[in-house]
Structure formats: C-alpha cells, structure tokens
Number of protein chains: 2
Amino acid sequence: MIEVVFLGFGNVNQHLCKAFLQCENVTVKQIFNRNFIKSEPPFENIPFVEKMTTIETADVYIIGIPDDAIADFSEKLPFQNKLVVHTSGGVHINTISEKNRRGVFYPLQTFSKQRQMDFKTVPICLEAEKDSDLKLLQQLAGYISNTVVEISSEKRAKLHLAAVFVNNFTNYLYRIGNEILAEENLPFNLLKPLILETSEKIQNLDPREAQTGPAARNDLKTIEKHLHLLTNGEHKKLYELFTNQLKSNDGKKL
Amino acid sequence: MIEVVFLGFGNVNQHLCKAFLQCENVTVKQIFNRNFIKSEPPFENIPFVEKMTTIETADVYIIGIPDDAIADFSEKLPFQNKLVVHTSGGVHINTISEKNRRGVFYPLQTFSKQRQMDFKTVPICLEAEKDSDLKLLQQLAGYISNTVVEISSEKRAKLHLAAVFVNNFTNYLYRIGNEILAEENLPFNLLKPLILETSEKIQNLDPREAQTGPAARNDLKTIEKHLHLLTNGEHKKLYELFTNQLKSNDGKKL
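All figures in this text were calculated on a predicted structure; none of them were measured in a lab.

Enquirer: Account for the sheet that holds strand E7 (residues 124–128) of chain A, naming residues and giving values.
Expert: All names here are of chain A. Sheet architecture is open: 8 strands sit in the order E3-E2-E1-E4-E5-E6-E7-E8, paired in mixed fashion. At either margin of the open sheet sits one strand with a lone partner, and together these are strand E3 (48–49) and strand E8 (148–150). Pairing between strand E1 (residues 2–7) and strand E2 (residues 26–32): 6 bridges, direction parallel. Opposite glutamate 3, over in E2, you have threonine 27 as the bridge partner. The sheet strands contacting helix H1 (residues 11–21) are E1, E2, strand E4 (60–63) and strand E6 (101–107), and the helix crosses E1 at an angle near 160 degrees.

This is how it looks when you write it as structure tokens:
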C-alpha cells in the first residue's frame, strides 16, 4: 500500500486524487490546502487539513501549487527526509527544498474541472534523486497510467515547451477560427469535426506528412485572397508568419 | 434516385464517392479523370472514362480538381444547362462556366488517403444558383451527412480561411512540437494524448474559456525560460508572436 498526501488541491492534484481513489493499492491519507475547500464527492471521505503542522506521515507528498510558490512552500514543510514531489512541467527538481528527498511526478496533459480524464492514456514523467524513490514513483504512476517515463528536469523543460506549442498555441488558433466565423455569424460547430480530425490524423501519421493547405502547396493566389479577407491585424500577422515558414519548409519541394 | 458523375478523382471526390456508394438512393454513374486511375475496390464497378466526350448524362456533376483549373475545365465540358458543382472551400461559385447551372458542394474536412472518414459528422456547405438545384444538393448531402448548410461564396471564403488556422497552422504547431522533442530524443507519442485532449476539450467548451499556459497567465519567468530554450529561430518567432497576442488578450485580466 502506498500512502499519499496532497499538498495543494488545484486541478492537477484533484485529477490525480480521483485516479488514486480508484486504486486499491493507494491510500490518499490527507489533503492539505491553505484555504478551506468544500469537501465534495468523490473527496468527501479524505481528511482535509489547513495547518501544516497537522500533515501526517506518508510515503509520497505531492505538491500541486503555482510554480513560483514551490521553493518557499517546500522550505516551510514541517518534516524532513520524506519523498516530496511536484507536478509541474517547467520546474527543476532542485526547486524543492533539499531537506526532503526530491522528485517529480508530472502528468503531461491539460486538465479542466469540467472534464473527466482517463488517466491510463496520460504520460507521467518521473524524476527522483534516489533510485528507491524512483521505483516507488514508477509503481505509483503505473497504477494509474500505461505510459510512465523517467525524464530529467532539462528534458522535461523542453517537453513542457513543446506542450505549449501543441496545446496553448493550438487553442489560440481555435479561438481565431471561432472569431473569424463569428464575424460572419457562422457557428463554431462547423469547425469542430475538422479540429478533431486534425488531431486524430497525427496519432498515426507524422505531422510533416499530414501537412496540407495553401502555404504548403505554395498556392499564392489563395494566400493573397486570405490576406485580403483578414480584417484583424493580429490574425494577419500570424497568418503571414505561418505562411512564410510553411512556404520555406514545404513550398520548395512542391 | 440521384445520378452523380465525378469529374476528377482526387482525395475529396474519392471520399465522397465512397460515401455515396453506401447510399441506396444515389448512383455513381461514372468517374471522369484525364489520366488513367487503376480501378481498385470499392470503385471497381464504376465506369471510368478519360475522354470528355464520353461523359454521360447525370443529375449532378461533381468537380474535384485543383482550384486554379476549375474555370478552364468547366468551360470545356461538352454539355450545358446541367448542374455542375465544385468541392472547393475557397473558390467562388461563379468560377464555374455559366453555360451550366452552377453550385458548390464543399465538405469541410481534411481528407487523407490513409484514413477512413465517417461522413455523417462532416459539415457539407452548399450553394446553388437555382432553388431547385439547392434542394437537390440538400437531398444528396443529407444522405451522407448530418450537417448540411447553405453558405454563400463570400461566407465560405471566410470559413475556408478559418479552416486554414485550425487545420493547417495547427498541424504546423504539431510539427514544431515533434521537432523540439526530436532534439532531445524524446518520442512524439508523449504529446499525442495532449493533442487529442486539446481538440476534444473545445467540442463542449468555448476555446476562450479553454485557454491556459504561461502567456495567458502572464507568467513572465516561464516565458523567458522558454525563449532561452528555443534554439530554432523560426520556432522562436512564433513563440514570441503567440505570447504577445495571448498576453495582450488575456494577460491583462489575470
């Protein structure tokens, strides 16, 4: 049995907690949060504490708080030589105070309160200073996910950077699509099947092979027409930058 | 029974043809293509012709050829006063020669040879000069799709522009993600669940509500770290442009 205490209870820790509640080999012993959180299902049976001094002993402490707060927070923990991990993509393992055994437990996914998550498909990126701690984290992660990988802080930083491109920036492109349609009173629903297919296509196809569009085929007439249609200066800047990069990467070979 | 002849047999027309072959109320009477195409299943029983003069009479002629070729090609068709439609997002209905009754049958989706397509989910955007032709196209489209909409050439041009953002540019972001990981010898597979979830999230959530990331929360420390990590100048330019736009749109309110 692995005993876990959550330190902070934002989106990521809530989703992790839900997943652990499904595992018979994991006990969620406590949830610590500075501010009171209403104890709603499925968390209603987990002891909730607001004072650091009341945090109990556990095998793993999982910090889920804003990146900037991890250093100070971990320094203030009233125990030492325990396994303390954070869940952040962009934060170095050494950010955690060295008075405890440090580790990282980073689920590479975007979590929203509104959506259920099948954790089995979520890659969990692990790091630990000690081999025995890494083994424990591998065991813990293996209970909830089919993809568990050991990744150094340096590589994880690059992974997090790549995630910003495919998640945050992609979502911004969805917003632009939505805005262009809204100008014409067209429903965003029209684009949703295309958005889904675009993401599903590259599950089995290299995104370089999947590339299509006016820029990739150097269709200057359509590009000019689009630039003329774009009324929003910010959208236009992005259109131009993408098109230039696509043309210089793909246009030549077509 | 609606009789259809395909003029050109690229990706879009092949997928349309497959869909029509499943409909008992549609007959695919002929496939015309300038160059010989090997007649493979499921198309092996459809008469295939290479000479324009051998094109037979049908209720609808569906042009599926490159945008730039539509005007000339339709002018050369050896018949008149028939319903001739094209399947292109960015081409005005009037591009088709006026010697025939003109229309548009635009399935808003990205089609690849390698992937099966459930046409029921694909929005089909229609346009026709005559009401009776529009009704026929609505009937035809309704056999294969649950989403059939009438859209003018002007609005369709904007729709096509929006599609470039959410499909072509998004795919380019996937490529960047792939390249960043490749530099670290990390497998692209790690990003695939995130890519899927990002697209599934906005099926029920406004993309503005779904926006997360360092730029949206004005996390300058992470942004600076990412800019430092970016070794490719083109990736860096895109990162900066997205980040500036996200900061000016979202950063203020956080």
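Enquirer: Give a description of the sheet that holds strand E6 (residues 101–107) of chain B that names residues and reports values.
Expert: Residue and element names in this part refer to chain B. Ordered by their spatial adjacency, 8 strands build an open sheet running E3-E2-E1-E4-E5-E6-E7-E8, and the pairing between neighbours is mixed. Because the sheet does not close on itself, it has two edges, and the strands there are strand E3 (48–49) and strand E8 (148–150). With 5 bridges joining them, E6 and strand E7 (residues 124–128) adopt antiparallel strand pairing. By the bridge assignment for E7, proline 107 is matched with isoleucine 124. Sheet contacts for helix H1 (residues 11–21): strand E1 (2–7), strand E2 (26–32), strand E4 (60–63) and E6; angle to E1, the most-contacted strand, approximately 160 degrees. Sheet strands in contact with helix H3 (residues 131–144) are E1, E2, E4, strand E5 (83–86), E6, E7 and E8, and its direction is about 165 degrees off that of E7.

Enquirer: For the nonpolar core, give the residues involved together with the corresponding values.
Expert: Judged by nonpolar contacts, the single largest core of 74 residues is most densely connected at Phe165 and Leu191 of chain A together with Phe165 and Leu191 of chain B. Those elements that place two or more of their residues in this core are E6, helix H4 (153–183), helix H5 (192–201) and helix H8 (233–250) of chain A together with E6, helix H4 (153–183), helix H5 (192–201) and helix H8 (233–249) of chain B. Beyond its immediate chain neighbours, meaning those up to four positions away, leucine 191 of chain B contacts Leu108, Leu159, Ala162, Ala163 and Val166 of chain A together with Gly177 and Leu181 of chain B.

Enquirer: Residues and numbers for the packing of H5 of chain A against H5 of chain B, please.
Expert: Orientation of H5 of chain A relative to H5 of chain B, taken along the N-to-C sense of each, is 175 degrees, at an axis distance of 9 Å. Judged by the angle between their axes, H5 of chain A and H5 of chain B are roughly antiparallel. Where H5 of chain A abuts H5 of chain B, its residues Ile195, Leu196, Ser199 and Glu200 of chain A lie against Ile195, Leu196, Ser199 and Glu200 of chain B. Tallied by class, the residues present in the contact of H5 of chain A with H5 of chain B amount to 4 nonpolar, 2 polar and 2 charged.

Conventions and cut-offs
Residue positions are given per chain, counting from 1 as you read along its sequence in written order. Written order determines the labels here, with chains lettered from A and ligands numbered from 1. Confidence filtering applies because this is a predicted model: local features only for residues at pLDDT of at least 70, side-chain atom pairs given and counted only at 80 or more, and all residues used for totals across whole chains, interfaces and linings. Calculation of side-chain values draws on the structure's entire complement of heavy atoms; hydrogens and water are dropped beforehand. A pair of strands is considered paired only if DSSP assigns at least 2 bridges between the two. Strands are runs of DSSP state E lasting at least two residues, helices are runs of H or I lasting at least four, and both sets are numbered from the N terminus onward. Residue contacts are counted whenever heavy atoms from the two residues lie within 4.5 Å of one another. Axis lines are fitted through C-alpha atoms, for helices just across the contact stretch, and the angle between N-to-C directions can take any value from 0 to 180 degrees. Nonpolar cores were defined as sets of buried Ala, Val, Leu, Ile, Met, Phe, Trp, Tyr and Cys residues, with membership established by side-chain atoms within 4.5 Å. Buried means the residue's accessible area, taken with a 1.4 Å probe over protein chains only, is under 20% of the maximum for its type, while exposed means over 50%, and partly exposed covers the values in between. These descriptions rest on fixed angle ranges, namely under 35 degrees for roughly parallel, over 145 for roughly antiparallel, 65 to 115 for roughly perpendicular, and the rest for oblique. Nonpolar residues are Ala, Val, Leu, Ile, Met, Phe, Trp, Tyr, Cys and Pro. Charged residues are Asp, Glu, Lys and Arg, and all others, Gly as well, are polar.

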